[in-house]
Amino acid sequence: MSATARKIAPNAQDIQARKGSVPLVSLTAYTTPMARLMDGHCDFVLVGDSVGMVLHGLSSTLGVTMEMMILHGQAVARGLDLSMLVIDMPFGSYEEGPAQAFRNAARLMAETGAGAVKLEGGVEMAETIRFLVKRGIAVMAHVGLTPQSVNTLGGYKVQGRDDQAQAVLADARAVADAGAFSVVLEKVPATLADRITAEVAIPTIGIGASAGCDGQILVVDDMLGFFTAFKPKFVKRYADLGPLAEAAIAEYAAEVRARSFPAAEHVFADQAPAKGAKA
Ligand SMILES: Nc1nc(=O)c2c([nH]1)NC[C@@H]1CN(c3ccc(C(=O)N[C@@H](CCC(=O)O)C(=O)O)cc3)CN21
Ligand SMILES: CC(C)C(=O)C(=O)O
Ligand SMILES: [Mg+2]
């Protein structure tokens, strides 16, 4: 790299080219300040529809709307210079068919500046993925546990055990063949994830899958310990910020009740301070 070369965010082709190379690093983000913290540490940042459960208190991702995705997508975009932005298509915005999917994917990209969209589904979504990619939309696929199908999957269960393995493999093959530039493998047995990683030509991004995937993704509030409503086995808590924040809030509450906050340094005198002194 020349001395003047400036680092810029990767695009979908750069991500795809990382197949079999240095593992791809990814987290979700929903807000500008969180995006700023991970900018450059992540190859791509996903505005996941998990935002509904993590920030809005919904009990599934089914109630997430296009408007929510656009608002959070715009917020995250303002925090990123060095990481690629990928945005989830919400439940109901693409399943009717290719034309509906194109209309909503184009809107997500135009209004947020995302470099790609992600959508859930395998064989049944291949035609839609092909339609989008042929018309200029980079698509990340998502197979295995697809949370928008929680009602037909019977819960957030491991997918692809035993005689289900062939179906998940077929899904991964179908989305790769349709032109997806990468595929998320969620909550599938590690040996199946390794087999899919070996057999498909696009990078696999694991969540509850295998260290052998071409990359990993986690929900940022899970790994920071901010989201504690549930903890899937695949989540590693790298910090415990939720309890840390609650302790700070409890301390503030006690100090307000004791009138020890605000202290002298937090209040204003009658006279303006002399020039050069702190306001
Ligand atoms: N905070 C958060 N983290 C996620 O990883 C996540 C979301 N939200 N929302 C969207 C989907 C939903 N996902 C989920 C949701 C729940 C479990 C879960 O509770 N798993 C339990 C067992 C559940 C079961 O077997 O029925 C586990 O221990 O893994 C896993 C993934 C992954 N995504
Ligand atoms: C967990 C990732 C893959 C996701 O789809 C989301 O956050 O919505
Ligand atoms: Mg999602």
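Computed from a prediction, not measured in an experiment: that's the story for all the values here.

Draft legend 1. Region of the structure containing the coordination of the magnesium ion (ligand 3). The coordination sphere of the magnesium ion (ligand 3), as far as protein atoms go, consists of D49 (OD) and D88 (OD), spread over 2.1 to 2.2 Å. Placement of the pair is D49 in the loop between β2 (44-47) and α3 (51-54) and D88 in strand β3 (residues 84-88), with a sequence separation of 39 residues.

Draft legend 2. Layout of the packing of helix α4 (residues 66-77) against helix α5 (residues 98-112). As a packed pair, α4 and α5 sit with axes 9 Å apart at the nearest point and diverge in direction by 30 degrees. With respect to the hand of their crossing, α4 and α5 are arranged in right-handed fashion. Residues M66, E67, M69, I70, G73, Q74 and A77 of α4 lie in contact with α5, whose contacting residues are N104, R107, L108, E111 and T112. Of the residues contributing to the contact of α4 with α5, the split by class is five nonpolar, four polar and three charged.

Draft legend 3. Geometry of the confidence of the model for the protein chain. Taken over all residues, the pLDDT of the protein chain has a mean of 97, while the share at 70 or more is 97%. If you check the scores for this complex, the pTM reads 0.96 and the ipTM reads 0.95.

Draft legend 4. Representation of the UniProt feature "binding site: Mg(2+)" (unreviewed entry) in the protein chain in the model. UniProt records the feature "binding site: Mg(2+)" (unreviewed entry) at D49, D88 and E120, using the numbering of this structure. Spanning 72 residues, the annotated positions come together in the fold, the maximum distance between their C-alpha atoms being 10.8 Å. Judged by relative accessible area, which is 3%, D88 ranks as buried. Residue contacts for D88: discarding those within four places in its chain leaves L46, V47, G48, D49, M69, L108 and K118. Under the relative-accessibility criterion, E120 is labelled buried at 7%.

Draft legend 5. Spatial organisation of the pairing of strand β4 (residues 116-120). Counting buried residues in β4 gives five out of five residues, a clear majority hidden from the surface. A two-sided burial pattern is seen for β4, the buried positions comprising A116, K118 and E120 on one face and V117 and L119 on the other. Since β3 and β4 lie parallel, the crossover through α5 that links them has a hand, and here it is right-handed. The pairing of β4 with strand β5 (residues 139-144) spans four bridges and is classified as parallel. Pairing of E120 across the sheet is with H142, part of β5.

Draft legend 6. Molecular detail of the side chain of S93. With respect to the helices, strands and loops of the structure, S93 is situated in the loop between β3 and α5. Polar contacts involving the side chain of S93 include one to the main-chain carbonyl oxygen of P90, which spans 2.7 Å. Setting aside chain neighbours within four positions, we find S93 in contact with M66, Q100, A101 and N104.

Draft legend 7. Inspection of the site of ligand 1 at higher detail. Near ligand 1, the surroundings consist of 15 residues, among which M53, E186, K187, D222 and F227 are the closest. A distance of 2.9 Å separates an oxygen atom of ligand 1 from a polar side-chain atom of K187. Between ligand 1 and K233, the relevant distance is 3.3 Å, taken from an oxygen atom to a main-chain nitrogen or oxygen of the residue. Calculation on ligand 1 without its partners gives an accessible area of 660 Å², and the protein chains cover 78% of this total. For the shell around ligand 1, the class distribution of residues is nine nonpolar, two polar and four charged.

Draft legend 8. Molecular detail of the pattern of salt bridges. This structure, assessed with the given rule, holds eight salt bridges. D43 serves as the salt-bridge partner of R18, at 3.1 Å between the closest nitrogen and oxygen. Taken together, the positions of R18 in the loop between α1 (12-16) and β1 (24-28) and D43 in the loop between α2 (32-38) and β2 put the pair 25 residues apart, joining distant regions of the chain. With a shortest N-O distance of 2.7 Å, D88 and K118 are connected by a salt bridge. One end of the pair, D88, is in strand β3; the other, K118, is in strand β4, and 30 residues separate them in sequence. The same class applies to D88 as to K118, namely buried. By sharing partners, the salt bridges in this structure join E67, R107 and E111 into a single network.

Procedures and definitions
Residues numbered from 1 in each chain as written. Chains lettered and ligands numbered in written order. Predicted model: local features only at pLDDT ≥ 70, side-chain atom pairs only at ≥ 80, totals over all residues. Heavy atoms only, no water. Donors = N, O, S within 2.8 Å, 3.2 Å for Na, K, Ca; no water. Helix = DSSP H or I, 4+ residues; strand = E, 2+ residues; numbered from the N terminus. Axes fitted to C-alpha atoms, helices over the stretch in contact; angles between N-to-C directions. Left-handed = near helix turned anticlockwise from the far one by under 90°. Contact = heavy atoms within 4.5 Å. Nonpolar A, V, L, I, M, F, W, Y, C, P; charged D, E, K, R; others polar. pLDDT = per-residue confidence, 0-100. UniProt positions renumbered as here; feature names shortened; annotations may be inferred. Buried < 20%, exposed > 50% of the residue type's maximum accessible area, 1.4 Å probe, protein only. Right-handed = clockwise from strand over helix to strand, strands pointing away. Pairing = 2+ DSSP bridges. Polar contact = N/O pair within 3.5 Å; in protein donor to acceptor, adjacent residues only side chain to side chain. Near = heavy atom within 4 Å. Areas by Shrake-Rupley, 256 points an atom, 1.4 Å probe, with all protein chains shown as cover. Salt bridge = Lys/Arg side-chain N within 4 Å of Asp/Glu carboxyl O.

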